[in-house]
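Summary of structural features
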Amino acid sequence: MKKPIAVALSLMVGLSCSACAGGGGPSVDEPSDKVIVSVIRTAENGNTYLEVDGQPIAYFGVEARLDAYMNCEKRPVEDFEPYVRAAAELGATVIAVPLDWNDLEPQKDDYDFRIVAAVLGYANKYDIKVEFCWYSINMCGDSNSYQVPAYIWEDEATYPKYESSNKNTFWGYYGYQGYLQPSEALMERETKMINALMDYVYNYDQVNGQKHPLIGIQVYNEPDGFPRWRLSQYSVSLNGQRITEQQAWDAVCTTLDNAGKAFKAAKYNVYTRTNLTTLSEVSDFVRRIYELEGIDAVGNDPYMQSIGSLRSALENFREGLPGNFNHIAENKGSYTNTPGLLLTAAANGAGYMIYDLSTPQYFIDNTSDPTTIDHGVLNVDLTDREHTEAVRRTLKALAAAGNAVMLADRENFAVFNTEASYPETAYEHTATVGGVSVTFTTAAGAVGFAIAYEGYVYLFATEETNVVLGGTGFSEAEYGAFEGGTWVSAGAAEGADGGYALKDGKLCRVKLA
């Protein structure tokens, strides 16, 4: 069973003395207690959610491939600011940003955190939270020279690799390939790197307003690819003998746990997660990874467009991994039914990360069929696609509804026009939430939600919709949003006596009499 996580937010008492190398990093003088930025909680009603700075967060975000822009397109980190701004304007509460170990330690023990400072600064500027995707020794099951420092990659006597048919082959996405063994020397170096990184984040935050921009770490990326596919694809062997699947799983779990525990030991303390690929149900290896001390949560990269299939996978994970923060770690942003997929996740108590914000041009230009790699919810130039505005409205409404999204009883969270994978243009349906009947009628193909929570019903639709409430009395109804935990009204809603007009993606709150 998972060990319980600390329940109180640590007090900030003084400043840190850890040195920060590279990038003109901040330095402060006094030691401090650990500050707990994010933890996973389970409410009395069984809902498991992510808490940031003592409050539940509506975890609906987007990933942007900083690593590819820098490695493949040779662009500086300064070019990344428009992507962070675009993610914030899209309504994402979190942006997931890959960090390559190689970029942070270009020479042994010579750290350079200018990239980290830039990303955290953009996050603070545009008021969006960040998760770092830690790209180091396992990227989709591979080890790659773009992620691993040269002093490690080139020294096989100290940091040995497995033998494989693709060893030292070059791929433009990630550099030279191979499979690093989980040696003590390698894990010691990764732990030292992580310690330096998180010390830097702590010190940066201390001298930049203590806004806590970094809220989580994704440890590696789809690390299950190594035992599930790479062994058979590339004949991975050790001392002339093919390694077994069990040996491969042992290697993956050993390095995952080592890196995860290093992150969790940091005084700037955030939750850790990893993402596993194309799963429809919980398996034994999912449970094994979830039980690692260094990994707090396991997410799924299903790449599913079917709402029914996504719903089934979410329900299976909720039942099969009690206490796990259930979330979709990657799903294509180019899916035109992304609003319905987002609402399906939310109604099942899960978070959702869109992959990706805007696909790097290099990926598109170096793929025979660009439709297989262009996953962006935005175009390459950060302009909207046909479905982007509906995604934007959905993300903003989920954030605007505040604690209701993550804490409402599941039976009090209804979604509309998601019975099929794509919404019907003309649609009418009645659901009951918290003893209130909600009739949702649209002729514009809207999807939406109704949530009953703490004396209010929250209503949203992506397009023009009429909603009729019944079963009890109602008083004031207004548009608005929660900001910093406080409801901010944007004026009276159109309609009265239980009948309301929803349009322009505005969130409506109706008080129960």
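Basis of the calculations
- Each chain carries its own residue numbering, running from 1 in the written order of its sequence.
- Local features are withheld for residues below a pLDDT of 70 in this predicted model, meaning they are given only at 70 or higher, and side-chain atom pairs are given and counted only at 80 or more; totals for whole chains, interfaces and linings count all residues.
- Hydrogens and water are ignored here; the side-chain numbers use all heavy atoms of the structure.
- The rule for a disulfide is simple: a pair of cysteine sulfur atoms within 2.5 Å.
- Exposure classes here rest on a 1.4 Å probe applied to the protein chains alone. A residue is buried below 20% of its type maximum, exposed above 50%, and partly exposed in between.
- Here the nonpolar core consists of buried residues drawn from Ala, Val, Leu, Ile, Met, Phe, Trp, Tyr and Cys, with membership extended through side-chain atoms lying within 4.5 Å.
- Runs of E in the DSSP output that reach at least two residues are strands. Runs of H or I that reach at least four are helices, and both are numbered from the N terminus.
- Any pair of residues with heavy atoms lying within 4.5 Å of one another is described as a contacting pair.
- Helix axes are fitted only over the stretch in contact, all axes being lines through C-alpha atoms; the angle between N-to-C directions runs from 0 to 180 degrees.
- What makes a crossing left-handed is the near helix being turned counterclockwise from the far one by less than a right angle; a clockwise turn instead makes it right-handed.
- Basically, the charged four are Asp, Glu, Lys and Arg, the nonpolar ten are Ala, Val, Leu, Ile, Met, Phe, Trp, Tyr, Cys and Pro, and anything else, Gly included, counts as polar.
- Between 30 and 60 degrees the pair is tilted, below 30 it is stacked and above 60 it is edge-to-face, where a pair is any two Phe, Tyr or Trp rings, Trp via its six-membered ring, whose centres lie within 6.5 Å.
- By the criterion adopted, a ring carries a charge over it if an Arg CZ or a Lys NZ lies within 6 Å of its centre and within 35 degrees of its normal.
- Paired strands, as defined in this entry, are two strands with at least two bridges between them according to DSSP.
- For every residue, the predictor assigns a confidence score, pLDDT, that lies between 0 and 100.

Turning our attention to the state of the cysteines. Scanning all chains against the criterion turns up zero disulfides. The closest cysteine sulfur to the non-disulfide-bonded C72 is located on C140, 13 Å from its own sulfur. According to the relative accessible area criterion, C72 is buried, its value standing at 12%. For the unlinked cysteine C133, the closest cysteine sulfur is that of C140, found at 11 Å. Take C133: its relative accessible area is 0%, and that puts it in the buried class.

By size, the foremost hydrophobic cluster in this structure holds 155 residues, and its most contacted members are F80, F132, W134, L197 and F449. In terms of residue count, helix α6 (residues 184-206) provides more of this core than any other element does, ten residues in total. Apart from residues no more than four positions distant in its own chain, W134 is found in contact with L99, W101, L104, E190, M193, I194, L197, I217, Q218, V219, Y220 and F263. Core analysis: the next-biggest nonpolar cluster, separate from the first, contains 24 residues, A414, Y427, F440 and F474 among them.

Our focus in this paragraph is the packing of helix α2 (residues 81-90) against helix α4 (residues 114-126). Where α2 contacts α4, the axes come no closer than 9 Å and their chain directions differ by 35°. In terms of crossing hand, the pair formed by α2 and α4 is right-handed. Touching E81, V84, R85 and A88 of α2 are Y122, A123, K125 and Y126, all from α4. Along the lines of polarity and charge, the residues of the contact of α2 with α4 split into five nonpolar, no polar and three charged.

Between Y355 and the following residue, D356, the backbone shows a cis peptide bond with an omega angle of 0°. If you check the backbone angles, Y303 has positive phi at about 45° while not being a glycine. Exposure remark for Y303: the relative accessible area of 25% places this residue in the partly exposed category. The backbone of D497 shows a phi angle near 55°, a positive value even though the residue is not glycine. Tracing the backbone shows D497 in the loop between β28 (494-496) and β29 (499-502).

Attention now goes to the packing of aromatic side chains. With the rule as written, the count across this model stands at 29 aromatic pairs. The interplanar angle of 75° and the centroid separation of 5.3 Å between the aromatic rings of F482 and W487 together place this pair among those described as edge-to-face. Looking at F482, the relative accessible area reads 24%, which means it is partly exposed. On the accessibility criterion, W487 (13% relative accessible area) is buried. Above the ring of W153, the side-chain terminus of K161 is found at 4.3 Å from the ring centroid. The ring of Y456 has R509 lying over it, and the distance from NZ or CZ to the ring centre is 3.8 Å.

Moving on to the sheet that holds strand β20 (residues 413-416). Taken in spatial order, the six strands line up as β20-β23-β24-β30-β26-β27 in an open sheet, and their pairing is antiparallel. Of all the strands in the sheet, just β20 and β27 (486-492) have a single pairing partner and so form its edges. Within the sheet, the average angular offset between the axes of one strand and its neighbour, ignoring direction, is 30°. Pairing between β20 and strand β23 (residues 448-453): four bridges, direction antiparallel. Within the sheet, the bridge partner assigned to V415 lies in β23 and is F449. Against the sheet, helix α11 (residues 338-347) contacts β20 and β23, and its axis sits at roughly 165° relative to β20. Sheet strands touched by helix α13 (residues 388-400): β23, β24 (456-461), β26 (474-483) and β27. Its angle to β26, the strand with the most contacts, is close to 105°.

With that out of the way, let us pick up the sheet that holds strand β4 (residues 55-56). With respect to topology, three strands assemble into an open sheet ordered β2-β3-β4, the strand pairing being antiparallel. Of all the strands in the sheet, the pair left with one neighbour each is β2 (38-42) and β4. The pairing of strand β3 (residues 48-52) with β4 spans two bridges and is classified as antiparallel. If you follow E51 over to β4, its bridge partner there is P56.

With that settled, consider α2. Listed in full, the buried residues belonging to α2 are E81, Y83, V84, A86, A87 and L90. Buried residues along α2 sit against β5 (60-63), α1 (66-71), β6 (94-100), α4 and α13. Directly beyond the C-terminal end of α2, a positive phi value near 100° is found at G91.

Our focus in this paragraph is the confidence of the model for the chain. Looking at the chain as a whole, its pLDDT mean stands at 93, while 94% of the residues score no less than 70. Here residues 3-31 scores under 50 on pLDDT; set against residues more than four positions off or in separate chains, the count is 71 contacts.

This part takes up the pairing of strand β25 (residues 465-470). Taken residue by residue, a regular strand's side chains alternate between the two faces of the sheet. Relative to β25, strand β22 (residues 436-442) is paired through five bridges, and the arrangement is antiparallel. In the strand pairing of β25, T441 is matched with N466. Pairing analysis gives four bridges linking β25 to β29, with the strands arranged antiparallel. Counterpart to V467 in the pairing with β29 is Y500.

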